Amino acid sequence: MQSTSRFEATALHALISDLRWRIQMLDSDIAEEERKAGNADPGSATYSMLALTLRSRRDNLRASIAMLQGREERAAEVSRAA
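Just so you know, these numbers come straight off a predicted model, no measurement behind them.

Draft legend 1. Here's a closer look at the nonpolar core. Counting twelve residues, the largest nonpolar core is built from Leu12, Ile16, Leu19, Ile23, Leu26, Ile30, Tyr47, Ala51, Leu54, Leu61, Ile65 and Leu68. Looking at this core, the elements that each hand over two or more residues are helix 1 (2-37) and helix 2 (49-81). If you tally residues by element for this core, the top one is helix 1, at six residues. The residues contacting leucine 19, other than those within four sequence positions of it, are Leu61, Ser64, Ile65 and Leu68.

Draft legend 2. Summary view of the pattern of salt bridges. Evaluation of the coordinates by the stated rule reveals seven salt bridges. The salt bridge partner of arginine 71 is glutamate 8, with a shortest N-O separation of 3.4 Å. Separated by 63 residues along the polypeptide, arginine 71 in helix 2 and glutamate 8 in helix 1 bring together distant segments of the chain. By relative accessible area, arginine 71 is classed as partly exposed at 36%. The partner of aspartate 59 in a salt bridge is arginine 58, with the nearest N and O atoms 3.6 Å apart. Under the relative-accessibility criterion, aspartate 59 is labelled partly exposed at 38%. Judged by relative accessible area, arginine 58 falls into the buried class, the value being 10%. By sharing partners, the salt bridges in this structure join Asp27, Arg58, Asp59 and Arg62 into a single network.

Draft legend 3. Looking closely at helix 2. Compared with an ideal rise of 1.5 Å per residue, which puts 33 residues at 48 Å, helix 2 spans 48 Å between its outermost C-alpha atoms and is within 8% of the ideal. Ala51, Leu54, Arg58, Leu61, Ile65, Leu68, Gly70, Glu72, Ala75 and Ser79 are the residues of helix 2 that are buried. Put simply, serine 48 is the residue that caps the front of helix 2, since its side-chain oxygen is 3.2 Å from the backbone nitrogen of leucine 50.

Draft legend 4. Layout of the environment of isoleucine 16. Turning to its location among the elements, isoleucine 16 is positioned in helix 1. Taking the C-alpha atoms as reference points, isoleucine 16 and arginine 35, separated by 19 residues in sequence, lie 29 Å from one another. Those residues in contact with isoleucine 16, other than ones at most four positions away along the chain, are Ile65, Leu68, Gln69 and Glu72.

Draft legend 5. Up close: the side chain of serine 48. Tracing the backbone through its elements, the reader meets serine 48 in the loop between helix 1 and helix 2. What makes serine 48 buried here is its relative accessible area of 9%. A polar side-chain atom of serine 48 sits 2.8 Å from a polar atom in the side chain of glutamate 33. A polar contact of 3.2 Å, which involves the side chain of serine 48, links it to the backbone nitrogen of alanine 51. Among all residues touching serine 48, those that are not within four sequence positions of it are Glu33 and Ala37.

What counts as what
Residues numbered from 1 in each chain as written. Predicted model: local features only at pLDDT ≥ 70, side-chain atom pairs only at ≥ 80, totals over all residues. Heavy atoms only, no water. Core = buried A, V, L, I, M, F, W, Y, C linked by side-chain atoms within 4.5 Å. Buried < 20%, exposed > 50% of the residue type's maximum accessible area, 1.4 Å probe, protein only. Helix = DSSP H or I, 4+ residues; strand = E, 2+ residues; numbered from the N terminus. Contact = heavy atoms within 4.5 Å. Salt bridge = Lys/Arg side-chain N within 4 Å of Asp/Glu carboxyl O. Expected span 1.5 Å × (residues − 1). Polar contact = N/O pair within 3.5 Å; in protein donor to acceptor, adjacent residues only side chain to side chain.

What follows is the structure, encoded as structure tokens:
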């Protein structure tokens, strides 16, 4: 059980790191799209649909990271207890 928990914790850490990198890329893409469109106000009726979609995707990744961090913490606890 201990080696599985360590493996899971390592895999989760790697996945979280990758998702954080993807969020950075999305942030960059959002900023570029807002610059091109000349509108950085997501509440505006003329805000870019692409930027809205990218924002939604980024927010979903943030939620996924939060969920994965909880799993990572539980896996670490199991590893320490074993």
